[in-house]
Amino acid sequence: MSVRVSVVAAARSSALLAERFDDDRPLDHEGWRGIHLAAHTLARLGGAELRYCSPTPRSRATGDALGFAPLVQPALRDCDMGRWRGLTLSEVAAREPAGVDAWLADPRSAPHGGESLLAFITRVGGWLDTRPVLDGAVVAVAEPAVVRAALVYALKAPPSTYWNVDVRPLSFVTITGLPGRWSLSLEAVAR
């Protein structure tokens, strides 16, 4: 017996270059439009026995709009970016270039005073490892960063792999297995 967890990236709340660390803004017009276009594909995930979301407004709104009625899970929150919260990467790079370099190079560093990348991946992995084994499915809506962290953890990939995973809004991945023995399941979309 194993558990099947589908993790959906929340719809967008801002253009990619305007994204901010620990961004808690609600969905923008394009986010709502994306949900409308993807609903036919993602709605089937709502049949899961357990439905969760991260605490951000856009994750909750995405889950609700898809009909999931998800329970908020604090462990699925975005990485704690400390004093960088609310800033864009460009703004932080202009203010603290050495800090950004350290953060990108060393997964144990937390120059912003928040959570290190390694601690973030471990937290998300801990949530994944504690999902109950059942004959059904689990779905979670979370920030793209959480989806990336779950993938890195499930694959037992080096933390630096996190920077090479592109997670688009409303994309999803299914992870199956048991704690410490996870696999990715790629599914074809019925047309």
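Please refer to the structure placed before this passage.
One structure accompanies this document, and this report is about it. Computed from a predicted model, the values in this text were never measured in an experiment.

## Considerations on the pattern of salt bridges
No. 1: Under the counting rule described, the total for this entry stands at seven salt bridges.
No. 2: Taking the shortest distance from any N to any O, the salt bridge between E30 and R33 comes out at 3.8 Å. Here R33 and E30 lie together in helix α1 (residues 29–42), a separation of three residues that amounts to about one turn.
No. 3: The class for R33 is partly exposed, based on a relative accessible area of 46%.
No. 4: A salt bridge links R168 to D166; the shortest N-O distance between them is 3.0 Å. When sorted by exposure, R168 lands in the same class as D166, which is exposed.

## Looking at the environment of L66
No. 1: Inspection of the secondary structure assignment puts L66 in the loop between α2 (57–65) and β3 (71–72).
No. 2: Judged by its relative accessible area of 8%, L66 falls in the buried class.
No. 3: For the pair L66 and W182, spaced 116 residues apart in the sequence, the C-alpha separation amounts to 26 Å.

## Section: helix α5 (residues 117–129)
No. 1: With 13 residues, α5 ought to run about 18 Å at 1.5 Å a step, and its terminal C-alpha atoms sit 18 Å apart, in line with that.
No. 2: Every buried residue belonging to α5 is among L117, F120, I121, R123, V124, G125, W127, L128 and D129, and all of these are buried.
No. 3: Summarising the contacts, the buried residues of α5 are in contact with β1 (3–9), β2 (50–53), β4 (137–142), α6 (144–154), β5 (172–178) and β6 (181–185).

## Quick look at the nonpolar core
No. 1: V5, W84, F120, W127, L128, V147 and Y162 are the most contacted members of the largest nonpolar core, which totals 36 residues.
No. 2: In terms of residue count, the dominant contributor to this core is α6 (eight residues).
No. 3: Discounting chain neighbours no more than four positions away, the residues touching F120 are R77, D78, C79, E115, A145, V146, A149 and Y162.
No. 4: In terms of nonpolar packing, the next biggest core, distinct from the first, is built from 16 residues, A11, L45, C53 and F68 among them.

## Things to note about the packing of aromatic side chains
Two numbers describe a pair of aromatic rings. These are the distance of the centres and the angle of the planes.
No. 1: Inspection of every chain in the model, using the stated rule, returns seven aromatic pairs.
No. 2: Their ring planes at 35° and their centres at 6.0 Å tell us that F21 and W84 sit as a pair that is tilted. Taken together, the positions of F21 in the loop between β1 and α1 and W84 in the loop between β3 and α3 (89–95) put the pair 63 residues apart, joining distant regions of the chain.
No. 3: Given the relative accessible area of 0%, W84 is considered buried.
No. 4: A ring pair is formed by Y52 and W127, whose centres lie 5.6 Å apart and whose planes are at 85°; its orientation type is edge-to-face. Here W127 lies in helix α5 and Y52 lies in strand β2, a separation of 75 residues in the sequence.
No. 5: Looking at Y52, the relative accessible area reads 8%, which means it is buried.
No. 6: Across the ring face of Y52, the terminal group of R131 is positioned such that the distance to the ring centre comes to 5.2 Å.

## A short note on the environment of A69
No. 1: Within the element layout of this structure, A69 appears in the loop between α2 and β3.
No. 2: Note on A69: relative accessible area 52%, which makes it exposed.
No. 3: C-alpha of A69 to C-alpha of P132: the two residues are 63 residues apart in sequence and 19 Å apart in space.
No. 4: In this view, A69 contacts R51, G63 and D64; residues no more than four positions away in its chain are not counted.

## What to know about the pairing of β5
No. 1: Within β5, five of the seven residues are buried, which leaves the element mostly enclosed by the surrounding structure.
No. 2: Where β1 and β5 come together, six bridges link them in antiparallel fashion. In the strand pairing of β5, V7 is matched with V173.
No. 3: Two strands pair when backbone bridges link them, and β5 and β6 are joined in this way by five bridges, in the antiparallel orientation. For G177, the partnering residue across the bridge sits in β6 and is W182.
No. 4: Hairpin remark: β5 followed by β6, antiparallel, with two residues in the connecting loop; positive phi at G180, about 80°.

Reading the values: rules and limits
Residues numbered from 1 in each chain as written. Predicted model: local features only at pLDDT ≥ 70, side-chain atom pairs only at ≥ 80, totals over all residues. Heavy atoms only, no water. Salt bridge = Lys/Arg side-chain N within 4 Å of Asp/Glu carboxyl O. Helix = DSSP H or I, 4+ residues; strand = E, 2+ residues; numbered from the N terminus. Buried < 20%, exposed > 50% of the residue type's maximum accessible area, 1.4 Å probe, protein only. Expected span 1.5 Å × (residues − 1). Contact = heavy atoms within 4.5 Å. Core = buried A, V, L, I, M, F, W, Y, C linked by side-chain atoms within 4.5 Å. Phe/Tyr/Trp six-rings, centres within 6.5 Å; stacked < 30°, edge-to-face > 60°. Lys NZ or Arg CZ within 6 Å of the ring centre and 35° of its normal. Pairing = 2+ DSSP bridges.

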